[in-house]
Number of protein chains: 2
Amino acid sequence: MTTTVSPLAPTAFAALPPIEGVRIATAAAGIKYAGRTDVLLMTFDRPAAVAGVFTTSKCPSAPVDFCRESLRGGVARALVVNSGNANAFTGRKGREATEMTAAAAAAAVDASPREVFLASTGVIGEPLDAGKFTGLLAGLAKQAAGDRWREAADAIMTTDTYPKLATRQVAIEGTVVTINGIAKGAGMIAPDMATMLSFVATDAAIAAPALQAMLTEGVAPSFNSVTVDSDTSTSDTLLLFATGAAARRGCPEISDADDDRLADFRKALGDLMLDLARQVARDGEGARKEIQVTVEGATSAAAAKRIALAIANSPLVKTAVAGEDANWGRVVMAVGKAGEEADRDRLAIHFGGVRVAVDGARDPDYSEAEASAVMRKPEIPIRVELGLGAGCWTVYSCDLTKEYVAINGDYRS
Amino acid sequence: MTTTVSPLAPTAFAALPPIEGVRIATAAAGIKYAGRTDVLLMTFDRPAAVAGVFTTSKCPSAPVDFCRESLRGGVARALVVNSGNANAFTGRKGREATEMTAAAAAAAVDASPREVFLASTGVIGEPLDAGKFTGLLAGLAKQAAGDRWREAADAIMTTDTYPKLATRQVAIEGTVVTINGIAKGAGMIAPDMATMLSFVATDAAIAAPALQAMLTEGVAPSFNSVTVDSDTSTSDTLLLFATGAAARRGCPEISDADDDRLADFRKALGDLMLDLARQVARDGEGARKEIQVTVEGATSAAAAKRIALAIANSPLVKTAVAGEDANWGRVVMAVGKAGEEADRDRLAIHFGGVRVAVDGARDPDYSEAEASAVMRKPEIPIRVELGLGAGCWTVYSCDLTKEYVAINGDYRS
């Protein structure tokens, strides 16, 4: 598997402060990996409000089914995440593993199993032996501490080459609250492994329905606008927890997502999610470059997104970027295949600041040398102007390299 | 570019007999390639009935626009194909190039420009200098002969590693007629190049509307069920010509596609198209294995096709096949992402004759050794049973190898 760190890794990891009411512990249970942690327990001292967004896969994992059920209660006391096994496509045994884990976590924090949230990432189709870590949860709950976000991000990695962390602080009516988030993976990214997971927590006092509304709104331009290989995991899970501990410092308790006092929080949350999502794209398997595809002038935002995804998912666009080739003909191809309205003869395409095509043909002033200079950089902005309307969207992706094929196909060769 | 022939190439090329009324000539015009032919002229001694199917791209090439217009007349006297330049995204100059070519071909065969059909394949976005070959067309028309199908298939290749040819003979009311076909490429398959092209001709006497109905019906399970990299060309063109010359040998003239006398012809035509389409998949860039994905038990044929395409287009499934890994977890993932109805707990998956998963979990009797033996073969059949209905579809694809990335991304590295 990958041993080298992505060249797009951050030069320094964000230092995440403790979130009041959140405690963390990790353990090495030997689920699949040796010599590293693979279980994360996050506990909430008091019942936290919770919101979630999950994979759209018609074949979701057992933990995704479990979380959807728990989410109805809107209250969280514990989160258990394991790496090394996705507990996906595991039938009855998979459901038993989730029930066993939830029961052990509930006992460890003196809560109901329906106040427990679960996520698993790793091999699909192998039964998960939850007995490897359920016995550890009571001890982990006792030793959990607030300053272990980096350890949490490490424990949930699979073939990630670096941990993904982000933090923001923002005031709600003068009281500063913190938002911390961790993430792993991108789409179906790894040999036998799956999943984009992200867990975000805040000490703000926000009711579950309002949290859910903000999460659903924020996921569209962030996690749902990232693609590595167009393959949707069976296990994608994004959870947002609010402990409400900041209320004791004077932070108002807010139950309406449209409350004006949430404006800055909403912006910070969206910003943090985009930060984490881009870290995921920049750690895509074999990635050497980040691709930022912006489509403007579409008939709607949805049309712009669909065209941007067609470009970002195109193997030919992605291999061209890997080859540092400003191959705008492939961008035209991807616009054409997206199925959304497009007028070939109005199309303009930019690589970075260089306009390479305009009015349906090569830009007569286009400089190959300038375009090549753009393509040699680690971030490649591709901008398409359709000239039809006001719809606009940006999608984040990475290049397609031989390393991707090696990581995903070289087991037996 | 690719220099080695695909290991999936046929061991012997089909020998195509002349089709009465069809003559062929090729030339080396130096459009892009040196030392090889790159222009094909096919002439029809008498006006031939014609049908066509084209790319669904919203940004089609100039020749595709031109052919759609010519098709309204339903009559063909000449076909001109060039390789090396796709005349796509070339604006006004592109339209001028098609008009100039059609005028020259029409003059060469004494026909109307609207009885000329055109196709171009190669670089996108570069103006096509039709002057390089329009001057050759009159001479080519004079020297054209019936026994040059292999030369025709050679002239239209771009990064194909072998020419694609197929022929069938079938009786219509006791008169034997011939169907010949050639093809090139698969989807957007090559550096700076595009296009799946196929040209089929018969001496049967079938009116244009009936031809069109049979072509539209036959393209769905053949050319439209082949995918190499999910990228749709701006230039895909399939044309079917019927000279009617067999009428002089007693073959009935048929104008209704539902005429029972066409049953065998229809079957032979479909069979020939599938033959050519599979040759295209087996010559996909970097291909080492053909993947045959069959989905059964879907709620409809359309649902089965959509799921089969999701599997066949998945980079993770394709890299697993390249690695000879019976990774059925990735097949589950692809079923789940297709968006069609699927019940995880009824799913069964077979690689060749080996059932690897059943009832939503790994088959307890599954033999890794037997599955591995299947994966080492050049053809990999993947069969998914959904258990929901009677919908069934088969899609043909190839594996995703480092060679694909090298061909499409290695220009500048």
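Residues numbered from 1 in each chain as written. Chains lettered and ligands numbered in written order. Predicted model: local features only at pLDDT ≥ 70, side-chain atom pairs only at ≥ 80, totals over all residues. Heavy atoms only, no water.

Within chain A one finds 12 helices and 14 strands. Projected onto its principal axes, the C-alpha positions of chain A cover 70 × 60 × 35 Å. For chain A, with 413 residues in total, the buried portion stands at 64%. In chain A, of all internal contacts separated by at least 6 residues, the share reaching a separation of at least 24 is 79%. Summed over its atoms, the accessible surface of chain A is roughly 14,000 Å², and 49% of this surface lies on carbon and sulfur atoms. (Helix = DSSP H or I, 4+ residues; strand = E, 2+ residues; numbered from the N terminus. Buried < 20%, exposed > 50% of the residue type's maximum accessible area, 1.4 Å probe, protein only. Contact = heavy atoms within 4.5 Å. Areas by Shrake-Rupley, 256 points an atom, 1.4 Å probe, with all protein chains shown as cover.)

Let us now look at the interface of chain B and chain A. On the chain A side, the residues contacting the 66 residues of chain B number 66 residues. Both faces combined, the contact of chain B with chain A buries some 5,300 Å², and carbon together with sulfur accounts for 56% of it. On the surface where chain B and chain A come into contact, there are 6 salt bridges. A salt bridge links aspartate 65 of chain B to arginine 344 of chain A, with the shortest nitrogen-to-oxygen separation between them at 2.9 Å. On inspection of chain B and its partner chain A, the count reaches 14 residue pairs in polar contact (both at pLDDT 80 or more). Elements with a minimum of two residues in the side of chain B that touches chain A: helix H2 (91-109), helix H9 (315-322), helix H10 (328-337), strand E12 (361-362), helix H11 (368-375) and helix H12 (402-409) of chain B. Among the elements that take part in the side of chain B that touches chain A, H10 of chain B stands out by supplying 8 residues, more than any other. Residues of the side of chain B that touches chain A, tallied by class, amount to 26 nonpolar, 21 polar and 19 charged. (Buried area = accessible area lost by both parts, 1.4 Å probe. Salt bridge = Lys/Arg side-chain N within 4 Å of Asp/Glu carboxyl O. Polar contact = N/O pair within 3.5 Å; in protein donor to acceptor, adjacent residues only side chain to side chain. Nonpolar A, V, L, I, M, F, W, Y, C, P; charged D, E, K, R; others polar.)

All names here are of chain B. With respect to the secondary-structure elements, serine 120 resides in strand E4 (residues 116-123). Note on serine 120: relative accessible area 5%, which makes it buried. Considering only alpha carbons, one finds serine 120 and alanine 304, 184 residues apart in sequence, at a separation of 33 Å. Here asparagine 82 takes part through its side chain, which lies 2.6 Å from a polar atom of the side chain of serine 120.

The next thing to look at is the sheet that holds strand E10 (residues 348-351) of chain A. All names here are of chain A. Within the open sheet, the 6 strands sit side by side as E12-E11-E10-E13-E9-E14. Their pairing is mixed. Every interior strand has two partners, whereas the edge strands, strand E12 (361-362) and strand E14 (391-398), have only one. Taken together, the 7 bridges between strand E9 (residues 290-298) and strand E13 (residues 379-385) define a ladder with parallel strand orientation. Across the sheet, threonine 294 pairs through a bridge with arginine 383, a residue of E13. In the packing of helix H7 (residues 263-282) onto the sheet, the strands contacted are E9, E13 and E14, and the crossing angle to E14 comes to about 45°. On top of the sheet, helix H8 (residues 301-313) reaches E9, E13 and E14; it is set at about 25° to E14, its chief contact. (Pairing = 2+ DSSP bridges. Axes fitted to C-alpha atoms, helices over the stretch in contact; angles between N-to-C directions.)

For the rest of this paragraph, the subject is the domain arrangement of chain A. Residues and elements named next belong to chain A. Annotation of chain A at the domain level lists domain 1 (22-282) and domain 2 (290-409). Using C-alpha coordinates to define each centre, domain 1 is positioned 33 Å away from domain 2. With 16 residues of domain 1 at the contact, the number on the domain 2 side is 17 residues. Taken over both partners, the interface formed by domain 1 and domain 2 buries close to 1,300 Å², and the fraction arising from carbon and sulfur atoms is 51%. Counting every contact that joins domain 1 to domain 2 gives 3 salt bridges. Among the ionic pairs, arginine 282 bridges to glutamate 379, the shortest N-O distance being 2.7 Å. At the junction of domain 1 and domain 2, the tally comes to 9 residue pairs in polar contact (both at pLDDT 80 or more). Of the residues in the side of domain 1 that touches domain 2, the class split is 9 nonpolar, 4 polar and 3 charged. (Domains from an automatic or database assignment.)

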